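Structural overview
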Amino acid sequence: MDMTDKKLSGAGLRGQSAGETKLCTVGKSGSGLTYCGYDVSDLADNASFEEVAYLLFNGELPNQAQLTEYKAGLKAQRDLPQALKEVLQRIPADAHPMDVMRTGCSFLGNLEPETSFDQQHTAANRLLAAFPAIMCYWYRFSHENIEIECTSDEDSIGGHFLKLLSGDTPSEQHRKVMDVSLILYAEHEFNASTFTARVCASTLSDMFSCVTGAIGSLRGPLHGGANEAAMDMIQKFSSPEDAKIQMAGMLERKEKIMGFGHAIYRESDPRNVIIKKWSEKLAHEFGNTSLYDISVACEEYMWDSKKLFCNADFFHASAYHFMGIPTKLFTPIFVCSRVTGWAAHVMEQRANNRIIRPSADYIGAEPRKVTPISER
Ligand SMILES: CC(=O)SCCNC(=O)CCNC(=O)[C@H](O)C(C)(C)COP(=O)(O)OP(=O)(O)OC[C@H]1O[C@@H](n2cnc3c(N)ncnc32)[C@H](O)[C@@H]1OP(=O)(O)O
Ligand SMILES: O=C([O-])CC(=O)C(=O)O
């Protein structure tokens, strides 16, 4: 099938509206993506991730005074409680980092529970501020045996994450790429993890439960886990030519190629062109463009052979790699960003709530009687 003829209908609730949102449009005019009316490329060029977080939580971009106050508030909440550090220390090095994020979120909800919806902004901002430390504290303790400081002087969340991860002050270019990446991943309408968060919110549950559930949904390779899976794949290709040969084999065997295709977009994912450009810049800075060249060959091959295009995850893989980020942390970075979209959707669901409870078409056995166990 040619993907550009794709029908948005059928299984997986595809093409069905499951509610209203003011937060985001996906693929509405052609292939666009907007947050609260702003094009994502405009935001990536002209705003910071913290401005985007503020936009999603408040519906409008902040002015300078509001932004300064907001960032100072986030910065003051970066550290982790001792009890959470102790829990993170007990998680083994071979745990999946998304399980670490899930536990970190859930445990913080035990220590600092959201006891009333008046606290929803506080809970959302606390998670946004704390996630980089949750990820890096566990990673460096379990992999390097170092108990890091969970605070930093870095102004932005992206810079803060990079600083905690390596201990070194990041370059301006790396700060910028992380900031753009966090903007691109921030929000995406009723994707699987956000829908999970909204279903949970619709029972009037708390913010930490909604986000914990969403992390579980994001973890899978058909959703956020694809950036990690894409990295594992491209690292196996020795050259652009080899990539094409191996991809042909994968398609022949009907394997899914991670980082390609999308449930909603038909011809392109607008986030791809943005992160691809940064991946190319980073490849030159890295001094070896091979992984970028292989990625470009994959993109060309998939389009020419299947009309499948790169989604947001594909060039994120090489971009993160060039910045020295371990592959297993790729999807947790997605959490650090998407917590904004999840929390904004939780707030929106709460503001006009009815419990989400669809129906199913029954395809099971006809009514029957229980046979006594001795006769079964
Ligand atoms: C940030 C994000 O979460 S973006 C998504 C990240 N996920 C991935 O990259 C995983 C790889 N991609 C996929 O599995 C899919 O494209 C999804 C899950 C993203 C979307 O799934 P769907 O909406 O069901 O896909 P869609 O209806 O477009 O599929 C049409 C056909 O193309 C095939 N196809 C779609 N994507 C791919 C792919 N990446 N590799 C190979 N074949 C694919 C499907 O198997 C299907 O074939 P069929 O009709 O013979 O069954
Ligand atoms: O919208 C989707 O189905 C998946 C996606 O791209 C995202 O969540 O960013």
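Conventions adopted
- Residues numbered from 1 in each chain as written.
- Chains lettered and ligands numbered in written order.
- Predicted model: local features only at pLDDT ≥ 70, side-chain atom pairs only at ≥ 80, totals over all residues.
- Heavy atoms only, no water.
- Domains from an automatic or database assignment.
- Contact = heavy atoms within 4.5 Å.
- Salt bridge = Lys/Arg side-chain N within 4 Å of Asp/Glu carboxyl O.
- Near = heavy atom within 4 Å.
- Polar contact = N/O pair within 3.5 Å; in protein donor to acceptor, adjacent residues only side chain to side chain.
- Areas by Shrake-Rupley, 256 points an atom, 1.4 Å probe, with all protein chains shown as cover.
- Nonpolar A, V, L, I, M, F, W, Y, C, P; charged D, E, K, R; others polar.
- pLDDT = per-residue confidence, 0-100.
- Helix = DSSP H or I, 4+ residues; strand = E, 2+ residues; numbered from the N terminus.
- Buried < 20%, exposed > 50% of the residue type's maximum accessible area, 1.4 Å probe, protein only.
- Phe/Tyr/Trp six-rings, centres within 6.5 Å; stacked < 30°, edge-to-face > 60°.
- Lys NZ or Arg CZ within 6 Å of the ring centre and 35° of its normal.
- Pairing = 2+ DSSP bridges.
- Core = buried A, V, L, I, M, F, W, Y, C linked by side-chain atoms within 4.5 Å.
- UniProt positions renumbered as here; feature names shortened; annotations may be inferred.

For the rest of this paragraph, the subject is the domain arrangement of the protein chain. Under the domain assignment used here, the protein chain contains domain 1 (24-220 + 328-351) and domain 2 (226-323). Measuring from the centre of the C-alpha atoms in domain 1 to the corresponding centre in domain 2 gives 25 Å. With 27 residues of domain 1 at the contact, the number on the domain 2 side is 24 residues. At the junction of domain 1 with domain 2, the criterion picks out zero salt bridges.

The immediate surroundings of ligand 2 are formed by His188, Asn191, His223, His262, Arg271 and Arg338. The separation between an oxygen atom of ligand 2 and a polar side-chain atom of His262 is 2.7 Å. Arg271 has a polar side-chain atom sitting 2.7 Å from an oxygen atom of ligand 2. Relative to its unbound accessible area of 260 Å², ligand 2 is 83% covered by the protein chains. Of the residues in the shell around ligand 2, the class split is no nonpolar, four polar and two charged.

Another point: the confidence of the model for the protein chain. On average, the protein chain scores 96 in pLDDT, and the residues at 70 or more come to 97%. Across the interface, the model reports ipTM at 0.97; the global pTM reads 0.96.

What follows is about the pattern of salt bridges. According to the stated counting rule, one finds 14 salt bridges in the structure shown. With a closest N to O distance of 3.1 Å, Arg102 and Asp99 form a salt bridge. On the criterion of helical spacing, the pair formed by Arg102 and Asp99 is a turn pair, its members being three residues apart in helix H5 (residues 97-111). Connected via shared salt-bridge partners are Asp99, Arg102 and Arg219.

Attention now goes to the side chain of Gln349. If you trace the backbone, Gln349 turns up in helix H16 (residues 330-351). By relative accessible area, Gln349 is classed as buried at 6%. Apart from the residues lying within four places of it in its own chain, the contact partners of Gln349 are Arg198, Ala201, Ser202, Arg354 and Ile356.

Further remarks concern the packing of aromatic side chains. Per the counting criterion, the structure on display carries ten aromatic pairs. Each ring, one from Phe260 and one from Phe314, has its centre 4.7 Å from the other, and the planes form 50°; the classification is tilted. You can see Phe260 sitting in the loop between helix H12 (240-252) and helix H13 (270-286) and its partner Phe314 sitting in helix H15 (residues 312-322), a full 54 residues away along the chain. A relative accessible area of 0% means that Phe314 is categorised as buried. Here the aromatic cluster, defined as three or more aromatic residues joined through ring pairs, consists of Phe260, Tyr292, Phe314 and Phe315. Cation over ring: Lys281 sits above Trp278, and NZ or CZ is 4.5 Å from the ring centre. Over the face of the ring belonging to Phe117 we find Arg350, whose NZ or CZ atom lies 3.7 Å from the ring centre.

Moving on, we come to the sheet that holds strand E2 (residues 33-35). Pairing is antiparallel across the open sheet formed by three strands, whose spatial order is E1-E2-E3. In this open sheet, the two strands that pair with only one neighbour each are strand E1 (24-26) and strand E3 (38-39). Relative to E3, E2 runs antiparallel, the two being bridged by two bridges. Residue pairing in the sheet places Tyr35 in a bridge with Tyr38 of E3.

Looking now at the environment of Ile146. In this structure, Ile146 sits in the loop between helix H6 (120-144) and helix H7 (157-166). Other than its neighbours up to four places away in sequence, Ile146 contacts Arg140 and Phe141.

Once that is clear, we can look at the side chain of Gln120. Note on placement: Gln120 falls in helix H6. Look past the residues within four positions of Gln120 in its chain and what remains in contact with it is Glu114, Met207, Met347 and Arg350.

Before going further, it helps to spend a moment on the nonpolar core. Within soluble globular proteins, side chains that are nonpolar generally end up buried alongside one another. Membership of the largest hydrophobic core comes to 114 residues, with the highest contact counts inside it found for Tyr35, Phe131, Ile234 and Ile325. Considering every element that reaches this core, the biggest residue donor is H6, with 14 residues. With residues near it in sequence (within four places) discarded, Ile234 still touches Leu291, Ile294, Ser295, Cys298, Phe314, Ala317 and Ser318.

Attention now goes to the UniProt feature "active site" (unreviewed entry) in the protein chain. Feature annotation in UniProt assigns "active site" (unreviewed entry) to the following positions: His262 and Asp313. Across 52 residues of sequence, these annotated residues stay compact in space, with a maximum C-alpha separation of 10.6 Å. Relative to the assigned elements, His262 resides in the loop between H12 and H13. Within the structure, His262 has its side chain in polar contact with the backbone nitrogen of Ile264 (distance 2.9 Å). With respect to the helices and strands, the residue Asp313 is situated in helix H15. Accessibility expressed as a relative area gives 6% for Asp313, which makes it buried. Aside from chain neighbours lying at most four places away, what touches Asp313 is Tyr185, His223, Gly224, Ala226, Asn227, Gly259 and Phe334. Separated by 2.5 Å, the side chains of Asp313 and Tyr185 make a polar contact.

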